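The residues making up each chain are set out below.
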Amino acid sequence: MRKKIAPYIISGILTLIFCFFTFNIFLKLYFNKFYYKIPNFVGLTEESTRNIKFDGNIKVIIAGKEYSKLPAGTIFRQEPTANSIVKRGRNINIWVSKGIEDYVMPDFSNKTLMEATVVLQKNGVRINKFSYVNSSLPYNTIIATTPVAGEEIEKSKGVSLLLSNFTATSTIEIPDFIGFTLQEAREKLTEMGFVVGSVERKKIEDFESDVVIEIENIGKKVPAGTVIKLVVSEKM
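What to know about the nonpolar core
As a rule of thumb, nonpolar side chains are buried together in soluble globular proteins. Counting 20 residues, the largest nonpolar core has Val-133, Ile-174, Leu-189, Phe-194, Ile-215, Ile-228 and Leu-230 as the members making the most contacts within it. Listing elements by their share of this core, those giving two or more residues are strand 8 (142-146), helix 4 (182-192), strand 12 (195-204), strand 13 (212-215) and strand 15 (227-235). Discounting residues that sit within four places of it in the chain, Leu-230 has contacts with Leu-182, Ala-185, Leu-189, Val-196, Ser-198, Val-199, Glu-200, Glu-214 and Ile-215. Formed by 12 residues, the second largest nonpolar core is a distinct cluster that contains Tyr-103, Phe-108, Leu-113 and Ile-153.

Written out as structure tokens, the structure is:
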């Protein structure tokens, strides 16, 4: 009886093996014909994508140019992402780096508005706001900037300028902005004609970060353009 069953078992096993390999060959041929694994474009240059022929009949489209940490002209993002499985012939969007966005704020003290504008525009930095304050300096002379000179900023965030309106020098009382956020205090002090200088951070338990806890010489009357030092909280 066993001798009669054995051929059927062997035949069945061979049939399963044949079906397994046939199915995998079919999947491989089907996959290669209709689907494609996206290559990694990040790190390549824009120029290289024009010269390289990629499998899968894909078309590379430049979707935009933005600042990034990669060098200018380098691809820093793509959609779909690398190794994604897509239908063959699908377009791939890439974004090309315009270079590093960080910018060190120059010292524009006693420079004219025109001089500063030329430098900032050349470096791709926009001017967000102009503020004027009484001063003995010539009209449109820069008294202070936000951020301050030497501070590293992102170009897209822009800068603000405090300018002279060429009247008699005025004195301003240093206000009490304790409890305000750093951003709020910085904006209000700049509008009043002060310059926000160094910002010290102190760790305080059960306290949110970037809240003003100390201001130098509160209530004292000082000339416009005086540098004000702030102390802000840092969450522990």
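Next comes the rest of the write-up.
Comments concerning the pattern of salt bridges
Considering all chains together, one arrives at 5 salt bridges under this definition. Residue Lys-65 pairs with Glu-46 through a salt bridge whose shortest N-O separation is 3.6 Å. Remark: Glu-46 occurs in helix 2 (residues 46-51) and Lys-65 occurs in strand 2 (residues 59-66); sequence separation between them is 19 residues. Accessibility expressed as a relative area gives 48% for Lys-65, which makes it partly exposed. Of the charged contacts in the structure, one is a salt bridge between Glu-79 and Arg-77, with a shortest N-O distance of 3.4 Å. Overall, the relative accessible area of 41% leaves Glu-79 in the partly exposed class.

What to know about a nonpolar patch on the surface
A contiguous nonpolar surface patch, about 330 Å² in accessible area, is contributed by Phe-130, Tyr-132 and Tyr-139. Locating Tyr-132 in the fold gives a position in strand 7 (residues 127-133).

Some thoughts on the side chain of Ser-68
Among the secondary structure elements, Ser-68 is positioned in the loop between strand 2 and strand 3 (75-79). Side-chain polar atoms of Ser-68 contact the backbone nitrogen of Leu-70, separated by 3.1 Å. A polar contact is formed between the side chain of Ser-68 and the side chain of Ser-97, at a distance of 2.8 Å.

Definitions and cut-offs
- Residues numbered from 1 in each chain as written.
- Predicted model: local features only at pLDDT ≥ 70, side-chain atom pairs only at ≥ 80, totals over all residues.
- Heavy atoms only, no water.
- Core = buried A, V, L, I, M, F, W, Y, C linked by side-chain atoms within 4.5 Å.
- Buried < 20%, exposed > 50% of the residue type's maximum accessible area, 1.4 Å probe, protein only.
- Helix = DSSP H or I, 4+ residues; strand = E, 2+ residues; numbered from the N terminus.
- Contact = heavy atoms within 4.5 Å.
- Salt bridge = Lys/Arg side-chain N within 4 Å of Asp/Glu carboxyl O.
- Patch = residues over 30% accessible without salt bridge, like charges linked within 9 Å, V, L, I, M, F, W, Y side chains within 5 Å.
- Areas by Shrake-Rupley, 256 points an atom, 1.4 Å probe, with all protein chains shown as cover.
- Polar contact = N/O pair within 3.5 Å; in protein donor to acceptor, adjacent residues only side chain to side chain.

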